[in-house]
Amino acid sequence: MKHQLAIVIVAIAAVIGLGASGIRRATPLTLVYPANFGNRISIPDDNPMTEEGVQLGRRLFYETRLSANNRVSCATCHQQAKAFTDGLRFSQGVDDTPTPRNAMSLANLLWVRNFFWDGRAKGLEAQASFPLTDPHEMGQSLAVSAQKLQADGRYASLFAQAFGTPQITGQRIVQALAQFERTLISANSKYDQYLRGEYQPTTSELNGLQLFFSNPNAEKNIRGASCGHCHGGPKTFIELFHNNGLDTVPADKGREVITGQSIDRGRFRVATLRNIALTAPYMHDGRFANLEDVVDHYNEHIQPSETLSTFLQGNQGGMGSAMSGRGDLQLGLTTAERKDLLAFLHLLTDSSFIQDKRFSNPFIP
Amino acid sequence: MRIRTLFLLLLTSLLSFQTLFAQDRATVKVSGEVTKPLQLSLEDLQKMKPATAVLKDRDGKEHPYTGVAVSDILTLAGVTTGQQLHGENLAKFLLVKCADGYEVLFSLAELDAAFTDKQAILAYQLEGNALPAGKGPFRLVVPGEKRPARSCQQVVEMVIRFAKD
C-alpha cells in the first residue's frame, strides 16, 4: 500500500517534471504598428501571437505539400512581390477551374474582421481552411495536410516550439497561418512617411490626397472625389460592404449570397488601397487592368441600381462637367485631377513591405 | 375551441414554413444582454406602439419618420430599461449594426425615457410611405443631434452588452 502510494507520487512528480522541461513556452510576440491605425485589432484568445508560431506559419504559407498535387501553396496566389496577389484576373489552383474571384492582397489583415470579398469568413483562422480545402484551390482536407506534415520529421519539433507539444492538427495549421498573416503590416509607404513628417509629397500628390479625402461641395467651391467615405482613414479602408456601381445587374451577387437579403445585392467589402499600384487587375472580378480604368470608373461609369451606394450618388456637387441625365453619378474630374488622384494612389506603395525578409519564402535560402 | 387551437397551430406552422422560404423578409435581430432575443419583421414592428421623430436630412429640411421607440424594443427584449436601469446596468450599451457593416453605439441611458426626452426610434416610414431603397426598410432616427451620423440606415441588428473594462 505504502509502496503503491510512493510509486504514484513518483509518477506524478515525473509527469510534472516532464511538463516543466518538455513543454517549452513559445516566446510572446508584440506587433508593432502606427498609432493612427487604431487598436481595433483581432487576435483570438486561444491563438496568441508568438515568435515560433509566426515562423511556423510563414513556412506553412509557402508549403506546397498542403495541396493535393504538392505544387500549390498560399504563395502561388499571394506573391510577396505583388503585395500578395498574383497578377491574374482569376487564379489557378490544383485543377483547371479558375477561382470565381480575384485573389485579394494581404496587408493589414489584423484590422479585418470579416474576410473575403463578401465577408463570409469570421477571423483568419476560419478563413484559412477555405483555400486549403477548396477543390479548386489547394484541394486537400486538413487531416491529410496534417498527415503529410507528420511524415516530415522536422515539422513535429516546429509545432512543439510553437504550440508546446508536437501534435500536428488542422487547427494548429490554420492557427499558425493566421499568426503569420497578422504580421503582414504595411505601414511604410510614402504616404505613411508623409504622415510621420518624413516625406514631402509633390504638388500633384498633395492635390490627389486632397481630392481623395474630400467630398465635393459646390457652395464652398471644394472639389473632391469622395473616396474617403469608404477608403477613409490611414488604413485606406473602412470595413463596410458597398455596391460601388460596377453593374446594374451584377453577375456575382456578392454579399447577398451570404445574407440572403436583396439590399445586399452587388455589395462587396471595401478593399484596402495599400500597395494598390502592385495589385492589378482590380475589383472582385479583376475587370479593370489598371488604375486609370478604376479612376475612369468612379469618374464617369458608375452604373445605377437599387443597391448602388448612396455615397456614390449626388456627387455632381462642385464638379462641374457632368453630362446630362446621369449627372449625379459623375465626379467630373479634369484630366489633371485624374492624374493627381493616380499620383496619390501610387503614394500607397510600400516597397519595404514587399522586400521584407520576414515575409519571404523560407525554403529559398 | 379545440378546432380553433388546431387551426391556429396549423396557421402558425404554415406561416413559419413560409418564412423559411421567404428569405428576403427583412428583419432586425435583437440579441446580447436580453432575456428574450427577438427577430422583428415589419409586421412585428407595425403591431407595436407607433412613435414619431423628426430628422433634418441631407436636403436641410426636417422630415417626419414613423416607427417604434427603441426603448420599447429593448423593453420587449427584456433589456434593463426604466426602473431597472440603475447600478451596473448603466454600464450597458447598445450597438446598432447596419447592412453595410456600419456600426453606432449608444449607452442605454441616452435612449431611456427615464433619462431623456429625446426619443430615438427605429423608423419604417417616412412621410407615410415605406422608406426609400438605400435607407430602409429600417432606419434609426435620433432626434436632437447636430450630425445625422447615428441616424443610421438599413439597420439589421441591435446588440446589447456590458462594457468590459
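Residues numbered from 1 in each chain as written. Chains lettered and ligands numbered in written order. Predicted model: local features only at pLDDT ≥ 70, side-chain atom pairs only at ≥ 80, totals over all residues. Heavy atoms only, no water.

Comments concerning the sheet that holds strand E1 (residues 27–32) of chain B
In any sheet, the strands associate via hydrogen bonds between backbone groups, in a parallel or an antiparallel arrangement.
Residues and elements named next belong to chain B.
Phase 1 of the analysis: Here we have five strands laid out as an open sheet, ordered E2-E1-E10-E5-E6, and mixed in their pairing. Whereas interior strands pair on both sides, the edge strands pair on one side only; in this sheet they are strand E2 (38–41) and strand E6 (103–107). On average, each strand axis in the sheet is tilted by 20 degrees relative to the strand beside it, whichever way the strands run.
Phase 2 of the analysis: Here E1 pairs with E2 via four bridges, running antiparallel. (Pairing = 2+ DSSP bridges. Helix = DSSP H or I, 4+ residues; strand = E, 2+ residues; numbered from the N terminus. Axes fitted to C-alpha atoms, helices over the stretch in contact; angles between N-to-C directions.)

So, helix H4 (residues 124–133) of chain A
Phase 1 of the analysis: Turning to H4(A), its buried residues number three or more, namely Leu124(A), Glu125(A), Gln127(A), Ala128(A), Pro131(A) and Leu132(A). Across the axial projection of H4(A), the buried residues extend over an arc of 155 degrees, all falling on one side. (Buried < 20%, exposed > 50% of the residue type's maximum accessible area, 1.4 Å probe, protein only. Arc of directions from axis to C-beta.)

Some thoughts on the domain arrangement of chain A
Residues and elements named next belong to chain A.
Phase 1 of the analysis: Here chain A is partitioned into domain 1 (21–185) and domain 2 (190–349).
Phase 2 of the analysis: With centres defined by C-alpha atoms, the gap from domain 1 to domain 2 works out at 30 Å.
Phase 3 of the analysis: Counting from both sides, the interface comprises 26 residues of domain 1 and, opposite them, 26 residues of domain 2.
Phase 4 of the analysis: Here domain 1 packs against domain 2, burying approximately 2200 Å² in sum over the two surfaces, 55% of which is carbon and sulfur.
Phase 5 of the analysis: At the surface where domain 1 touches domain 2, the tally comes to one salt bridge.
Phase 6 of the analysis: With a shortest N-O distance of 2.7 Å, Arg 101 and Asp 252 are connected by a salt bridge.
Phase 7 of the analysis: In this assembly, domain 1 and domain 2 are joined by eleven residue pairs in polar contact (both at pLDDT 80 or more).
Phase 8 of the analysis: Taken together, the residues of the side of domain 1 that touches domain 2 break down into twelve nonpolar, eight polar and six charged. (Domains from an automatic or database assignment. Contact = heavy atoms within 4.5 Å. Buried area = accessible area lost by both parts, 1.4 Å probe. Salt bridge = Lys/Arg side-chain N within 4 Å of Asp/Glu carboxyl O. Polar contact = N/O pair within 3.5 Å; in protein donor to acceptor, adjacent residues only side chain to side chain. Nonpolar A, V, L, I, M, F, W, Y, C, P; charged D, E, K, R; others polar.)

Brief notes about helix H6 (residues 153–163) of chain A
All names here are of chain A.
Phase 1 of the analysis: Every buried residue of H6 is accounted for by Tyr 155, Phe 159, Ala 160 and Ala 162.
Phase 2 of the analysis: Taken together, the buried residues of H6 touch helix H2 (51–61), helix H5 (142–150) and helix H7 (170–182).
Phase 3 of the analysis: Among the residues trailing H6, Gly 164 stands out with phi positive, at a value near 95 degrees.

Some words on the packing of aromatic side chains
Residues and elements named next belong to chain A.
Phase 1 of the analysis: Applying the stated criterion to the full structure yields 16 aromatic pairs over all chains.
Phase 2 of the analysis: Ring plane angle 55 degrees and centroid distance 5.3 Å describe the contact between Phe 61 and Phe 180, whose orientation is recorded as tilted. Of the two residues, Phe 61 sits in helix H2 while Phe 180 sits in helix H7, which places them 119 residues apart along the sequence.
Phase 3 of the analysis: Accessibility expressed as a relative area gives 1% for Phe 61, which makes it buried.
Phase 4 of the analysis: By way of ring pairs, the aromatic residues Phe 61, Tyr 62, Phe 84, Phe 180, Phe 353 and Phe 359 are connected into one cluster.
Phase 5 of the analysis: Taking NZ or CZ as reference, Lys 235 lies 6.0 Å from the ring centre of Phe 237, over its face. (Phe/Tyr/Trp six-rings, centres within 6.5 Å; stacked < 30°, edge-to-face > 60°. Lys NZ or Arg CZ within 6 Å of the ring centre and 35° of its normal.)

Some thoughts on the confidence of the model for chain A
The predicted coordinates of low-pLDDT regions are not to be read in fine detail.
Residues and elements named next belong to chain A.
Phase 1 of the analysis: Confidence in the prediction for chain A averages 91 pLDDT; 90% of positions are at 70 or higher.
Phase 2 of the analysis: pLDDT under 50 marks residues 8–21. Its contacts with residues more than four places away, or in other chains, come to one contact.
Phase 3 of the analysis: A low-confidence stretch, residues 317–326 stays under pLDDT 50, and its non-local contacts, those more than four residues away or across chains, total 20 contacts. (pLDDT = per-residue confidence, 0-100.)

Description of the interface of chain B and chain A
Phase 1 of the analysis: On the chain A side, the residues contacting the 13 residues of chain B number 17 residues.
Phase 2 of the analysis: Where chain B abuts chain A, roughly 1200 Å² becomes buried across the two surfaces, and 38% of that area is made up of carbon and sulfur atoms.
Phase 3 of the analysis: Remark: the boundary between chain B and chain A carries two salt bridges.
Phase 4 of the analysis: Salt-bridge contacts for Glu103(B) lead to Arg113(A); the nearest nitrogen and oxygen are separated by 3.9 Å.
Phase 5 of the analysis: Here chain B and chain A share four residue pairs in polar contact (both at pLDDT 80 or more) between them.
Phase 6 of the analysis: Taken together, the residues of the side of chain B that touches chain A sort by class into four nonpolar, four polar and five charged.

Some details on the nonpolar core
Phase 1 of the analysis: Counting residues in each nonpolar core, the largest one holds 49 residues, and the members touching the most others are Leu60(A), Phe61(A), Phe84(A), Leu149(A), Phe159(A), Ile173(A) and Leu177(A).
Phase 2 of the analysis: Breaking this core down by element, the ones donating at least two residues are H2, helix H3 (74–77), H4, H5, H6, H7 and helix H14 (351–355) of chain A.
Phase 3 of the analysis: Element by element, the count of residues in this core is highest for H7(A), at six residues.
Phase 4 of the analysis: The two domains that each donate at least three residues to this core are domain 1 (21–185) and domain 2 (190–349) of chain A.
Phase 5 of the analysis: Within the second largest apolar cluster, 32 residues are counted, among which are Val79(B), Leu85(B), Leu122(B) and Tyr124(B). (Core = buried A, V, L, I, M, F, W, Y, C linked by side-chain atoms within 4.5 Å.)

Notes on empty space enclosed by the protein
Residue and element names in this part refer to chain A.
Phase 1 of the analysis: Scanning the model with the defined rule gives two cavities of 30 Å³ or more in all.
Phase 2 of the analysis: Reported here for the largest cavity is a volume of approximately 50 Å³.
Phase 3 of the analysis: As for the largest cavity, its lining consists of Asn 243, Asn 244, Leu 246, Asp 247, Pro 250, Asp 252, Gly 266, Phe 268 and His 284.
Phase 4 of the analysis: Considered class by class, the residues forming the lining of the largest cavity number three nonpolar, four polar and two charged.
Phase 5 of the analysis: There is about 30 Å³ of room inside the second largest cavity. (1 Å grid on protein atoms, 1.4 Å probe; cavity = no way out; pocket = protein on both sides within 12 Å on 5 of 7 lines; lining within 4 Å. Points joined across faces, edges and corners; volume = space filled by probe spheres on them.)

Some details on the environment of Ile263(A)
Phase 1 of the analysis: Mapped onto the elements of the fold, Ile263(A) is located in the loop between helix H11 (255–259) and strand E4 (268–269).
Phase 2 of the analysis: Using a relative accessible area of 18% as the deciding quantity, one classes Ile263(A) as buried.
Phase 3 of the analysis: Along the primary structure Ile263(A) and Glu306(A) are separated by 43 residues, whereas in three dimensions their C-alpha atoms are 7.9 Å apart.
Phase 4 of the analysis: With residues near it in sequence (within four places) discarded, Ile263(A) still touches Thr307(A), Ala99(B), Gly136(B) and Gln154(B).

Some points on the packing of H4(A) against H7(A)
All names here are of chain A.
Phase 1 of the analysis: The interhelical angle for the contact between H4 and H7, taken along N-to-C directions, is 110 degrees, at an axis separation of 8 Å. Considering their axes alone, H4 and H7 lie roughly perpendicular with respect to each other. Where H4 crosses over H7, the handedness of that crossing is right-handed. Here Leu 124, Glu 125, Gln 127, Ala 128, Ser 129 and Leu 132 of H4 lie close against H7, whose contacting residues are Ile 173, Val 174, Gln 175, Leu 177, Ala 178, Glu 181 and Arg 182.
Phase 2 of the analysis: Of the residues in the contact of H4 with H7, the class split is seven nonpolar, three polar and three charged. (Parallel < 35°, antiparallel > 145°, perpendicular 65-115°, else oblique. Left-handed = near helix turned anticlockwise from the far one by under 90°.)

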